[in-house]
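Okay, here's what each chain looks like letter by letter:
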Amino acid sequence: MAEEVFYHLSPNTYYPPPASYCLPLATRLKSSILSTVDRANIVIVGGGVVGCAVARAVSQRWSDVFLVEQMPKFGMGASTRNSGVIHSGIYYPPGSLKAQLCVAGNRMLREFCAAHNVPHRNCGKLVVAHGGQQEAALEQLAANGRANGVEGLRLIDRDTIHVREPHIEATAALEVPSTGIISAEDLVKTLARIAADQGASLLPRARVVRLDPRADSIAVTLAEGDSNDPPDATQETIEARCVINCAGLYADEIAAMLGNGSYRIYPVRGEYCELVRAKSYLVNNLVYPLPHTDGLSLGVHLTRTLWGTVLVGPTADYISGKNDYERNRLPVEEFVRRAKPMLPEIEAADLQLAYSGIRAKLVPPGHGGVADFVITSDAAVPRAIQLIGIESPGLTSCLAIAERVVSLAAEILQ
Ligand SMILES: Cc1cc2nc3c(=O)[nH]c(=O)nc-3n(C[C@H](O)[C@H](O)[C@H](O)COP(=O)(O)OP(=O)(O)OC[C@H]3O[C@@H](n4cnc5c(N)ncnc54)[C@H](O)[C@@H]3O)c2cc1C
């Protein structure tokens, strides 16, 4: 069967969904566990990597679990539009959920990948500095990482950098051995497959359009397809004892459907370029600058993918639309400008535009600072669990996030 190229110049590809996913929603629901039970135990809204990891974890413990995703396949949002880096946990404030779940998630993800043959590479990374001031910042970063429990960090000099990355220019670097790279698509597919094998019902092309909290359940109304589908499409309802909001960029809108209007997600686009094949020898592994001081992003970095291509990016710019991946793309010269201090040989002719992804930020434009993950039972809607602002390192943390969600669900379903 021919491969369907998923997005521009990405090595990632998607196979067409199984034919059973394309049946009408009502038919799929009739052939699901709903034909034998009057209420589902759990409905998970959103089939990105977090929703799939949650589906795998909760279906180990409970029957009657539904994973509902508006797109035709799982993981088509941020979950496959990212750098695919298994982060170590050096960046996040000690004690934060991001720090705890990234460090735990890093270990869990490596073990999971090894056990389930998910393509990944334990390659480590370098965070590079230019001059005394940046070297002091590197030391602070190393201290922060150690406080978070990240092991094996060490500062290396220019000669040692050149042994590892002959084309990279820097006066010093922080070597981070526990960073790796993963095929995010294969991870999503594997998590979804295990959830299905454990009895969870997977419902792609099913969009949550309404949520009605009741005394001991939440009524979840579904429409066929995503928001581009006709509004008069048939609707179906699942009664759930627990609803878990894993809707990524749209998690604030799902929370609002539940009556909680306190969250707002600001979309921040990250764009990538790719080195032309003939120049991919310039980068051996992962090379990062120091992170933005305003906390917006980790800075434009160089990532050698599992396919041998080299990504340059992502950038970070607030945008107005949550679905705006391609309008007003930055020119390749902008990527050259940002990457040149690390990679002096890079020229505009070496780059072609690649895909982009959109971060689910909780920090409004102009405010700076880092917001932590929100993973909580909803005080006002006792049968709902909210996962909001699951930006980076959400891919790395997905298994640890899922473990935390299991504890919250156990309190609801006891
Ligand atoms: C540019 C970029 C680079 C990144 N790099 C890294 C990295 O290297 N390492 C790392 O650890 N993390 C990285 N991240 C973060 C990581 O990608 C995210 O944290 C993670 O993918 C979040 O997963 P998710 O399942 O919460 O969201 P998503 O993948 O966005 O999934 C949410 C799903 O919910 C569905 N949905 C929404 N509303 C509805 C509805 N009403 N009904 C049904 N379904 C609905 C959507 O269609 C979507 O599929 C990066 C993110 C970006 C944008």
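Residues numbered from 1 in each chain as written. Predicted model: local features only at pLDDT ≥ 70, side-chain atom pairs only at ≥ 80, totals over all residues. Heavy atoms only, no water.

**Considerations on the overall build of the chain**
The following threshold applies: Helix numbers and strand numbers start at the N terminus; a helix is a DSSP run of H or I with at least 4 residues, a strand a run of E with at least 2. In this description the radius of gyration comes from C-alpha coordinates, and the expected globular size is given by 2.2 Å times residues to the power 0.38. Using a 1.4 Å probe on the protein chains alone, a residue whose accessible area is under 20% of its type maximum counts as buried, one over 50% counts as exposed, and one in between counts as partly exposed. In this charge count, Lys and Arg are treated as positive and Asp and Glu as negative; neither His nor the chain ends contribute. Lysine's charge is taken at NZ, arginine's at CZ, aspartate's at CG and glutamate's at CD.
Counting secondary structure elements, the chain contains nine helices and 22 strands. Its C-alpha radius of gyration of 21 Å places the chain within 12% of the 22 Å reference for a compact globule of 414 residues. C-alpha extents for the chain along the principal axes are approximately 65 × 45 × 40 Å. Counting across all 414 residues of the chain, residues that qualify as buried make up 59%. If you average the places of the 38 positive and of the 43 negative side-chain charges in the chain, the two averages end up 2 Å apart.

**Section: the site of the ligand**
Rules: Here a residue is considered near a molecule or strand provided that any single heavy atom belonging to it is located within 4 Å of it. In protein, a polar contact requires one atom able to donate a hydrogen and another able to accept it; more generally it is a pair of N or O atoms within 3.5 Å, and residues adjacent in sequence count only if both atoms are side-chain atoms. Note on areas: these come from Shrake-Rupley sampling with a 1.4 Å probe, and a residue is covered only by the protein chains present in the view. Any residue that is not Ala, Val, Leu, Ile, Met, Phe, Trp, Tyr, Cys, Pro, Asp, Glu, Lys or Arg is counted as polar, Gly included; the first ten are nonpolar and the last four charged.
Around the ligand, 38 residues are found, and the nearest of them are Glu69, Ser79, Val85, Ile390 and Thr396. In the environment of the ligand, an oxygen atom lies 3.3 Å from a nitrogen or oxygen atom belonging to the backbone of Val49. Between the ligand and Thr396, the relevant distance is 2.7 Å, taken from an oxygen atom to a side-chain nitrogen or oxygen of the residue. Calculation on the ligand without its partners gives an accessible area of 1,000 Å², and the protein chains cover 95% of this total. Class assignment for the residues of the shell around the ligand results in 18 nonpolar, 15 polar and five charged.

**A word on the environment of Leu249**
What counts, and what does not: What makes two residues a contact is simply this: any of their non-hydrogen atoms within 4.5 Å.
In this structure, Leu249 sits in the loop between β14 (235-245) and α7 (251-257). For Leu249, a relative accessible area of 11% puts it in the buried group. When the C-alpha positions of Leu249 and Thr171 are compared, they lie 38 Å apart, and in sequence the two are 78 residues distant. Apart from the residues within four sequence positions on either side, Leu249 is in contact with Ile265, Pro267, Lys322, Ile358, Arg359 and Ala360.

**Comments concerning the confidence of the model for the chain**
Going by this rule: pLDDT is defined as a per-residue confidence score from the predictor, taking values between 0 and 100.
In the predicted model, the chain carries a mean pLDDT of 92, and 93% of its residues have values of at least 70. Considering only residues more than four positions removed or in separate chains, one finds that residues 1-15, a stretch of pLDDT under 50, has 41 contacts.

**Overview of the packing of aromatic side chains**
Let me state the cut-off plainly: Aromatic rings from Phe, Tyr and Trp, with only the six-membered ring used for Trp, were paired whenever their centres fell within 6.5 Å, and each pair was classed as stacked if the ring planes differed by under 30 degrees, edge-to-face if by over 60, and tilted otherwise. Whether a charge sits over a ring comes down to the Lys NZ or Arg CZ being within 6 Å of the ring centre and within 35 degrees of the ring normal.
Summed over the entire model, instances satisfying the criterion amount to two aromatic pairs. On the numbers, 6.1 Å between centres and 70° between planes, the contact of Tyr91 with Tyr92 is edge-to-face. An identical accessibility class is assigned to Tyr91 and Tyr92; each is buried. Judged by centre distance (4.8 Å) and plane angle (35°), the rings of Tyr272 and Tyr355 are tilted. Taken together, the residues span a long stretch of sequence, with Tyr272 in strand β15 (residues 266-275) and Tyr355 in strand β20 (residues 351-361) at a distance of 83 residues. Taking relative accessible area as the criterion, Tyr272 reaches 3% and is therefore assigned buried. With a relative accessible area of 3%, Tyr355 lands in the buried category. Stacked on the ring of Tyr288, the Lys or Arg Lys125 has its end atom at 3.4 Å from the ring centre.

**Re the packing of helix α3 (residues 97-116) against helix α6 (residues 184-197)**
For clarity, the cut-off: Structural elements are reduced to axes, namely lines fitted to C-alpha atoms, with helices fitted over the stretch in contact, and the angle between N-to-C directions of any two is expressed from 0 to 180 degrees. Just so you know how the angles are binned, under 35 degrees is roughly parallel, over 145 roughly antiparallel, 65 to 115 roughly perpendicular, and the rest oblique.
α6 packs onto α3 with a crossing angle of 75° between their chain directions and a minimal axis gap of 12 Å. It follows from the interaxial angle that α3 and α6 lie roughly perpendicular. In contact with Leu109, Phe112 and His116 of α3, α6 contributes Leu187, Thr190, Leu191 and Ile194. When grouped by side-chain class, the residues that make up the contact of α3 with α6 number five nonpolar, two polar and no charged.

**Let's talk about the sheet that holds strand β10 (residues 180-182)**
Stated precisely, the cut-off is as follows: Strands are labelled as partners when DSSP assigns at least two bridges between them.
Pairing within the open sheet is antiparallel, and its three strands lie in the order β5-β10-β6. Here the strands that pair on one side only, and so sit at the sheet edges, are β5 (85-86) and β6 (120-121).

**Points about the side chain of Arg28**
Residue position: Arg28 is located in helix α1 (residues 25-30). In this structure the side chain of Arg28 is engaged in a polar contact, spanning 3.5 Å, whose partner is the backbone oxygen of Arg205.

**Describing unusual backbone geometry**
Here the residue pair Gly313 and Pro314 is connected by a cis peptide bond, since its omega of 0° sits within 30 degrees of zero. Here Pro314 is to be found in the loop between β18 (310-313) and β19 (317-318). Pro393 follows Ser392 through a cis peptide bond whose omega is 10°. The backbone of Asn117 sits at a positive phi, close to 55°, despite the residue not being glycine. Looking at where Asn117 falls in the secondary structure, it is placed in the loop between α3 and β6.

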